[in-house]
Amino acid sequence: MGKTYIKNYMEDIVWELLPDILNRFPECCNCEICRHDIVAKALNDLPPKYVARHKGEVYTKVAELTQQFRTDVYSALTKAILVVSQNPNH
Ligand SMILES: [Zn+2]
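Here the structure is a predicted model, which is why all the values come from computation and not from measurement.

Peer 1: Looking at this structure, I do not really get the coordination of the zinc ion. What am I missing?
Peer 2: When four donors bind a metal tetrahedrally, each ideal donor-metal-donor angle is 109.5 degrees, and when six bind octahedrally, the ideal angles are 90 or 180 degrees. The zinc ion binds to the protein through Cys29 (SG), Cys31 (SG), Cys34 (SG) and His90 (NE2), with metal-donor distances spanning 2.1 to 2.3 Å. For the zinc ion, the four donor atoms in the first shell make angles of 95 to 118 degrees at the metal, so the coordination geometry reads as tetrahedral. Motif for the zinc ion, donor spacing along one chain: C-x1-C-x2-C-x55-H. Pair noted here: cysteine 29 is in the loop between helix H1 (9-22) and helix H2 (32-45) and histidine 90 is in the segment after helix H3 (67-86), with a separation of 61 residues, a long-range link. Accessibility expressed as a relative area gives 29% for cysteine 29, which makes it partly exposed.

What follows is the structure, given as structure tokens:
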């Protein structure tokens, strides 16, 4: 039970690239709340990438993504960081 499920793979990518981008914005709050707000905003700007996943399978790593794909995620995250750092939700 529960060995196969649908996942928005974009979510993993955004979480994985987030620390890289946050490093460039030392003035942006890095707390749990802001990080979730940033990821949610970035995901709203990016097309979802649904995949069927099966427990135990090996998946594409972020390192294997194309440069264009990476650039799109970086720019969505940068935009989200600017919005959240100006209006932190706390
Ligand atoms: Zn915060």
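Read on for the rest.
Peer 1: How should H3 be read in this particular structure?
Peer 2: Because an α-helix completes one turn every 3.6 residues, residues spaced three or four positions apart along the sequence face the same direction. Here H3 is 20 residues long and its end C-alpha atoms lie 29 Å apart, about the 28 Å a rise of 1.5 Å per residue gives. Taken as a whole, H3 has its buried residues at Phe69, Val73, Tyr74, Ala76, Leu77, Ala80, Ile81 and Val84. Contacts made by the buried residues of H3 are with H1 and H2.

Peer 1: For this particular structure, what's the right way to read the nonpolar core?
Peer 2: Side chains that are nonpolar tend, in soluble globular proteins, to be buried together. In this structure, Met10, Ile13, Val14, Ile38, Val73, Leu77 and Ile81 are the most contacted members of the largest nonpolar core, which totals 25 residues. Only H1, H2 and H3 provide two or more residues apiece to this core. Discounting chain neighbours no more than four positions away, the residues touching leucine 77 are Val14, Leu17, Leu18, Ile21, Ile38 and Ala42.

Reading guide: rules and limits
- Residues numbered from 1 in each chain as written.
- Predicted model: local features only at pLDDT ≥ 70, side-chain atom pairs only at ≥ 80, totals over all residues.
- Heavy atoms only, no water.
- Donors = N, O, S within 2.8 Å, 3.2 Å for Na, K, Ca; no water.
- Tetrahedral: all angles 85-135°; square planar, octahedral: opposite > 155°, others 65-115°.
- Helix = DSSP H or I, 4+ residues; strand = E, 2+ residues; numbered from the N terminus.
- Buried < 20%, exposed > 50% of the residue type's maximum accessible area, 1.4 Å probe, protein only.
- Expected span 1.5 Å × (residues − 1).
- Contact = heavy atoms within 4.5 Å.
- Core = buried A, V, L, I, M, F, W, Y, C linked by side-chain atoms within 4.5 Å.

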